[in-house]
Amino acid sequence: MSSDRSRRGLWQRCQRRVDTLSLADPFDIADFIRTLAAHRGRPIELVPVTDRPNLPCGLLVTTADADYILYAADTTPLHQHHILLHEAAHLLCGHQDDGATLSSAARTLMPALPPALVERVLGRTVYTEPQEQEAEIVASLILSRVSLRESPPATARAPGLEALFNRPDPRSSGR
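Residues numbered from 1 in each chain as written. Predicted model: local features only at pLDDT ≥ 70, side-chain atom pairs only at ≥ 80, totals over all residues. Heavy atoms only, no water.

Colleague: So, the confidence of the model for the protein: which residues are in play, and what are the values?
Modeller: Close inspection of predicted coordinates is inappropriate in any region flagged by low pLDDT. Confidence in the prediction for the protein averages 76 pLDDT; 62% of positions are at 70 or higher. For residues 98–102, every residue scores under 50 in pLDDT, and the model assigns this stretch nine contacts once sequence neighbours within four places are set aside. Counted against residues more than four places away or in other chains, residues 154–158, with its pLDDT under 50, gives two contacts. (pLDDT = per-residue confidence, 0-100. Contact = heavy atoms within 4.5 Å.)

Colleague: Lay out the packing of helix α2 (residues 29–40) against helix α3 (residues 77–92) with the relevant residues and their values.
Modeller: Between α2 and α3, the least distance of the axes is 11 Å, while the angle of their chain directions is 15 degrees. Looking at the two axes, α2 sits roughly parallel to α3. Here α2 runs over α3; the crossing is left-handed. Residues I29, F32, I33, L36 and R40 of α2 pack against H81, L84, L85, A88, L91 and L92 of α3. When the residues that make up the contact of α2 with α3 are grouped by side-chain class, the tally is nine nonpolar, one polar and one charged. (Axes fitted to C-alpha atoms, helices over the stretch in contact; angles between N-to-C directions. Helix = DSSP H or I, 4+ residues; strand = E, 2+ residues; numbered from the N terminus. Parallel < 35°, antiparallel > 145°, perpendicular 65-115°, else oblique. Left-handed = near helix turned anticlockwise from the far one by under 90°. Nonpolar A, V, L, I, M, F, W, Y, C, P; charged D, E, K, R; others polar.)

Colleague: Quick rundown of the nonpolar core? Include the residues and the values.
Modeller: F27, F32, L85, V138 and I142 are the most contacted members of the largest nonpolar core, which has 32 residues in total. At the level of elements, α1 (2–19), α2, β3 (67–72), α3 and α6 (129–150) are the ones that each hand at least two residues to this core. Here this core gets eight residues from one element, more than from any other, and that element is α6. For V138, the residues in contact, after removing those within four places along its chain, are C14, R17, V18, A89, L92 and C93. (Core = buried A, V, L, I, M, F, W, Y, C linked by side-chain atoms within 4.5 Å. Buried < 20%, exposed > 50% of the residue type's maximum accessible area, 1.4 Å probe, protein only.)

Colleague: Now, about the state of the cysteines: what can you tell me, with residues and values included?
Modeller: Counted according to the given criterion, the structure contains zero disulfides. We note that C14 lacks a disulfide partner, and the nearest cysteine sulfur, in C93, lies 6.0 Å from it. Judged by relative accessible area, C14 falls into the buried class, the value being 0%. (Disulfide = S-S within 2.5 Å.)

Colleague: Got a sec to walk through the sheet that holds strand β2 (residues 58–62)? Specific residues and values, please.
Modeller: As summarised here, the arrangement of the three strands in space is β1-β3-β2, forming an open sheet in which the pairing is mixed. With one partner strand each, in any of the chains shown, β1 (44–49) and β2 form the two edges of the open sheet. Across the sheet, the mean angle from the axis of one strand to that of its neighbour is 20 degrees, orientation sign disregarded. Bridge analysis of β2 against β3 gives five bridges, and the strand direction is antiparallel. The partner of L60 across the bridge, within β3, is I69. Helix-sheet contacts for α2 involve β1 and β3, and the interaxial angle to β1 is about 140 degrees. Sheet contacts for α3: β1, β2 and β3; angle to β3, the most-contacted strand, approximately 155 degrees. (Pairing = 2+ DSSP bridges.)

Colleague: Lay out the packing of aromatic side chains with the relevant residues and their values.
Modeller: Applying the stated criterion across every chain, the model contains one aromatic pair. Seen from their ring centres, F27 and F32 are 5.6 Å apart, and the 50 degrees between their planes marks the pair as tilted. The burial state of F27 is the same as that of F32; both residues are buried. (Phe/Tyr/Trp six-rings, centres within 6.5 Å; stacked < 30°, edge-to-face > 60°.)

Colleague: Tell me about the environment of W11, and name the residues and values.
Modeller: Secondary-structure assignment places W11 in helix α1. On the basis of relative accessible area, W11 is assigned to the partly exposed category, the value being 44%. Sequence separation between W11 and L141 is 130 residues, and the spatial gap between their C-alpha atoms is 9.5 Å. Setting aside chain neighbours within four positions, we find W11 in contact with I137 and L141.

Right under this line is the structure:
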């Protein structure tokens, strides 16, 4: 019961956060990131990455001067938007790394280098599981909100359904 209550609380907190966002119509992910950077008073650089077999799809690196969002350049635009929104959600939610987690990640990712050096390079890139869940929910809620606005009306989708199944759409009569 407590777990259901905490999940519900997380969703409600994420929904409230997304409800406070002013999302342009039409939505443009680059404009959203620029607005977030302006609000934070520091640049956010988007860094497309390819050939990343051992890296995650997205990564947020915070340095003293800027935030960098690395994202998979070799995936679909929708997936890229989700990655960018997930990493931006860490910034929106004010997530901080857990020092112990970051130190552990530093030792795991680059065992030959001094952990302090790796931690300085990694910046804010390792989050706790609840923070990952929160970022994922916020990203999904933003995508859902902007997708609902951009969905074409059912009548505009009908010809696509007919072509997909190679037969008339049963909802359209007299065709």
